[in-house]
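Architecture at a glance
These are the residues of each chain, in order.
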Amino acid sequence: MDELNTTAEKIRTMEIRGAGRIAVAASAALRDYAMSLRALPMDEFNIRVEEAARTLVDTRPTAVSLPNAVALTKRHTATNVPDAIEEISGNAERFIKNAGEALGKIGRIGAERIRDGDVIMTHCNSHAALSIIKTAFDQGKDISVIATESRPRRQGFITIRELNDHGIPTTLIVDSAVRLTMKKVDLVVVGADSISVNGALINKVGTSQLALAAQEARRNVIVAAETYKFSPRTLLGEMVEIEDRSSDEVIDPQVLKRLPNVKVSNPAFDVTPAEYIDLIITEVGAFPPAMAFTVIKDYLGLELAL
Ligand code: RI2
């Protein structure tokens, strides 16, 4: 369980981050852990796999990619341990391969929506959103990007480094400059941590401000999301939990200690209603948010809701 706990800790502390990456890391960790349980009797094996699955899922509450990846990896119909390990390993290999290929497909499908000369605003650091932007650039389109800083953890700095290394002209802005800067933007491209059955997007806090400003300025908002970022449990009325992270990410704890009347709230995500989203680009096609149910039913399976 040591290695699995190490992965869980890296996800919790965000050493491994991004909804897609945590899903892939969790799937691999569960596979490796299951393989280490070869000597156990079947019922003990199942109990340990369930415990490990819970440990991974409990690390971060918002990105549904994590429970989806764990559920898709752990399921098996075997009656003996070697067969169960084989099924789980196969599930993990499939999930990890599909997740990798999905990024390329999203890039190609999404790039169709980018025109020559477009100025694209993005928020935080999304591999799926960047795949669209990089693909459009690689197709020879003359594009540039406005990237938000994305406080408090400043994942925007990861984004500007990646864009810089790709040779894409990029402007960094602070989060509060989003509305003012929207005038210069042609469209917004962001990633997703979860998409609920009503087509609402749950993504890095501040995303809904980009969407509001885009709506006001009549700019399109495109979401880049693998199908495993759709939330089957929202079908049962479950709400996506918004992760509240430590105040240490926002303010020096020593400074806060000297301010007895001040507390810090640090929600890591926010919700953008479907009305603010024009298109969701997945690896199986581009969907309006109203088709979220179809994506869940046809590409994830309704049994994941249970
Ligand atoms: P990809 C990230 O969450 C951001 O909110 C980003 O938009 C989303 O995951 C999707 O990222 P965090 O882990 O899977 O930084 O597209 O909290 O890389």
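Refer to the preceding data block for the structure.
Residues numbered from 1 in each chain as written. Predicted model: local features only at pLDDT ≥ 70, side-chain atom pairs only at ≥ 80, totals over all residues. Heavy atoms only, no water.

**Comments concerning the side chain of D270**
- Tracing the sequence through the fold places D270 in strand 8 (residues 269-272).
- K204 provides the closest opposite charge to the buried, unpaired D270, separated from it by 9.7 Å.
- Of note is the side chain of D270, whose polar atom sits 2.8 Å from the backbone nitrogen of G206.
- Excluding residues that lie within four positions of it along the chain, D270 makes contacts with L201, I202, N203, K204, V205, G206, T207, S208 and I242. (Helix = DSSP H or I, 4+ residues; strand = E, 2+ residues; numbered from the N terminus. Buried < 20%, exposed > 50% of the residue type's maximum accessible area, 1.4 Å probe, protein only. Lys, Arg positive; Asp, Glu negative; His and termini not counted. Salt bridge = Lys/Arg side-chain N within 4 Å of Asp/Glu carboxyl O. Polar contact = N/O pair within 3.5 Å; in protein donor to acceptor, adjacent residues only side chain to side chain. Contact = heavy atoms within 4.5 Å.)

**Considering the environment of P267**
- One can find P267 in the loop between helix 10 (253-257) and strand 8.
- For the pair P267 and E101, spaced 166 residues apart in the sequence, the C-alpha separation amounts to 31 Å.

**Some details on helix 4 (residues 65-74)**
- Counting buried positions along helix 4 gives seven out of 10 residues, so the element sits mostly inside the fold.
- All buried positions along helix 4 are accounted for by S65, L66, N68, A69, V70, L72 and T73.
- Of the surrounding elements, those touching the buried residues of helix 4 are helix 1 (2-12), helix 2 (19-35), helix 3 (42-57), helix 5 (81-111) and helix 11 (292-300).

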